[in-house]
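Breakdown of the fold
Here are the chains, one letter per residue:
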Amino acid sequence: MSRDITTSVLDALDDDVVYPFFAVDLMFDVREGTDVNGDPITYGPLYMWSGYGDLVIGSKTYLGAGTLLALSSVEETTEIEAKGASLTLSGIPSTFLSVSLAEPYQGRECRIYFGMTSAPSDYVEIFSGELDQMNISEEGSTSSISVTAENVLIKLERPVVRRLTNEDQRSRFANDKGLEFIASLQDKEIYWGRTSK
């Protein structure tokens, strides 16, 4: 899959000094909860970038994670191949781990962007996939959370267990009667083009 790089990004890459950034969208559901102090808080999509302070791109405000955010290399090949990426957020107070562990993260959309701070609205999406695994490592009073995201092509490598039965069809479409008589057709002798004896 080819990516279109905007003219402003290409021009900025030719400069003597380059100020690139990475931005990450983690699309969690919006839900109500409480923080570590018991105060009400609203959780939702998480937007982070590799710089400091807030960065507004379109209608999204990205929280600056600075050196606390680490991204793996993002690979793309000419083959139809699922390549993943990993994100690590370090320096998290251990008291926030319960929030991370309670979040249903698997299958959530993850997008990674590359751009220049001179023109942040001109960015390139370099990865799109779904969150897969989370690893947590504690170091004293702080922790690191690492999540891996897999390209949606990974679904092509998973076996699809489906059966040509009425029960399997009804598990997906409750009112579908298309396979209602499939069991009675097993080993049934059908006379075609001649009369039965």
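Let us look at the structure shown here. As the structure is a computational prediction, the values presented were derived from the model and not from experiment.

The rules behind these values
Residues numbered from 1 in each chain as written. Predicted model: local features only at pLDDT ≥ 70, side-chain atom pairs only at ≥ 80, totals over all residues. Heavy atoms only, no water. Pairing = 2+ DSSP bridges. Helix = DSSP H or I, 4+ residues; strand = E, 2+ residues; numbered from the N terminus. Axes fitted to C-alpha atoms, helices over the stretch in contact; angles between N-to-C directions. Core = buried A, V, L, I, M, F, W, Y, C linked by side-chain atoms within 4.5 Å. Buried < 20%, exposed > 50% of the residue type's maximum accessible area, 1.4 Å probe, protein only. Contact = heavy atoms within 4.5 Å. Polar contact = N/O pair within 3.5 Å; in protein donor to acceptor, adjacent residues only side chain to side chain.

**Focus on the sheet that holds strand S1 (residues 20-27)**
Spatially, 9 strands are ordered S5-S6-S4-S1-S9-S10-S11-S8-S7 in an open sheet, and the strand pairing comes out mixed. A strand with exactly one partner marks an edge of an open sheet, and here the two such strands are strand S5 (54-57) and strand S7 (69-71). Here the average twist between neighbouring strands, direction ignored, is 30°. Relative to strand S8 (residues 85-93), S7 is paired through 3 bridges, and the arrangement is antiparallel. Paired with leucine 71 across the bridge in S8 is leucine 87.

**Considering the nonpolar core**
Core analysis: the largest hydrophobic core is formed by 19 residues, its most contacted members being Leu26, Leu87, Cys110, Ile112 and Leu131. Elements represented by at least two residues in this core include exactly S1, S8, strand S9 (109-116), strand S10 (119-139) and strand S11 (142-151). With near-sequence residues (within four places) excluded, cysteine 110 lies in contact with Asp25, Leu26, Leu87, Phe127, Ser128, Gly129, Leu131 and Ala149. One finds Ala23, Trp49, Tyr62 and Tyr113 within the second-largest nonpolar core, a separate group that totals 8 residues.

**Here we look at the side chain of aspartate 168**
Note on placement: aspartate 168 falls in helix H3 (residues 166-172). The exposure class assigned to aspartate 168 is buried, which follows from its relative accessible area of 16%. At 3.3 Å, the side chain of aspartate 168 forms a polar contact with the backbone nitrogen of arginine 163. Dropping the residues within four chain positions of it, aspartate 168 is found in contact with Arg162 and Arg163.

**A closer look at the environment of isoleucine 41**
By the secondary structure assignment, isoleucine 41 is in strand S3 (residues 40-43). Isoleucine 41 sits in the partly exposed class, given a relative accessible area of 32%. Along the sequence, isoleucine 41 and arginine 31 sit 10 residues apart, while their C-alpha atoms lie 8.6 Å from each other.

**Looking at unusual backbone geometry**
One non-glycine residue, aspartate 187, lies in the positive phi region at around 55°. Looking at where aspartate 187 falls in the secondary structure, it is placed in the segment after H3. Owing to a relative accessible area of 83%, aspartate 187 belongs among the exposed residues under this scheme.

By themselves, these are just geometric observations and shouldn't be taken as functional.
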